[in-house]
Amino acid sequence: QVQLVESGGGLVQAGGSLRLSCAASGSIYSISTMGWYRQAPGKQRELVATISSGGSTNYADSVKGRFTLSRDNAKNTVYLQMNSLKPEDTAVYYCNARVSTWSLRTSDYWGQGTQVTVSS
């Protein structure tokens, strides 16, 4: 079993910053891609950013230049630094990890979600 625990969401004014963290634990053999997705009310879940085990990153156009994704492989943890936040960044943010367990199964796992609210 694998668990993803997220932290760092909250309420911030436009232009402010927040840092999200997501730690994976459990029967982990290896983790390939980790990342964050978000879902605003009435909208579909969308990719925010992903990072490979080697550190290659991919960002949604809407967050490029404002958000930075990093990863600590030793801690199975990924961090999303969000700067210059805009009201349109308001959403529930979900952590995702593609995990291979010691039973040699590879699956996508999701965190419970953390709310980010940006006031204008």
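Note that the coordinates shown come from a computational prediction; the quantities given were computed from them, not determined experimentally.

Some words on the sheet that holds strand E3 (residues 18-26)
Phase 1 of the analysis: Pairing in this open sheet of 4 strands is antiparallel, and the strands run E1-E3-E8-E7 from one edge to the other. Two strands bound the open sheet, and with one partner strand each, they are strand E1 (2-7) and strand E7 (67-72). Each neighbouring strand pair of the sheet contributes to a mean axis angle of 15°, computed without reference to strand direction.

Digging into the packing of aromatic side chains
Phase 1 of the analysis: Within the structure shown, the criterion is met by 2 aromatic pairs.
Phase 2 of the analysis: Relative to Trp102, the ring of Tyr29 has its centre 4.8 Å away and its plane inclined at 80°; by these criteria the two rings are edge-to-face. Of this pair, Tyr29 sits in strand E4 (residues 28-39) while Trp102 sits in the loop between strand E9 (91-101) and strand E10 (106-110); the two residues are 73 residues apart in sequence, bridging distant segments of the chain.
Phase 3 of the analysis: On the basis of relative accessibility, which here comes to 57%, the residue Trp102 falls in the exposed class.
Phase 4 of the analysis: Taken together, a centroid distance of 5.1 Å and an interplanar angle of 65° make the contact between Tyr37 and Trp110 edge-to-face. A residue pair is termed long-range when its members are at least 10 positions apart, and Tyr37 in strand E4 and Trp110 in strand E10 qualify at 73 residues.
Phase 5 of the analysis: In this arrangement the basic side chain of Arg45 is found over the ring face of Tyr94, its NZ or CZ atom lying 3.8 Å from the centre.

What counts and what doesn't
Residues numbered from 1 in each chain as written. Predicted model: local features only at pLDDT ≥ 70, side-chain atom pairs only at ≥ 80, totals over all residues. Heavy atoms only, no water. Pairing = 2+ DSSP bridges. Helix = DSSP H or I, 4+ residues; strand = E, 2+ residues; numbered from the N terminus. Axes fitted to C-alpha atoms, helices over the stretch in contact; angles between N-to-C directions. Phe/Tyr/Trp six-rings, centres within 6.5 Å; stacked < 30°, edge-to-face > 60°. Buried < 20%, exposed > 50% of the residue type's maximum accessible area, 1.4 Å probe, protein only. Lys NZ or Arg CZ within 6 Å of the ring centre and 35° of its normal.

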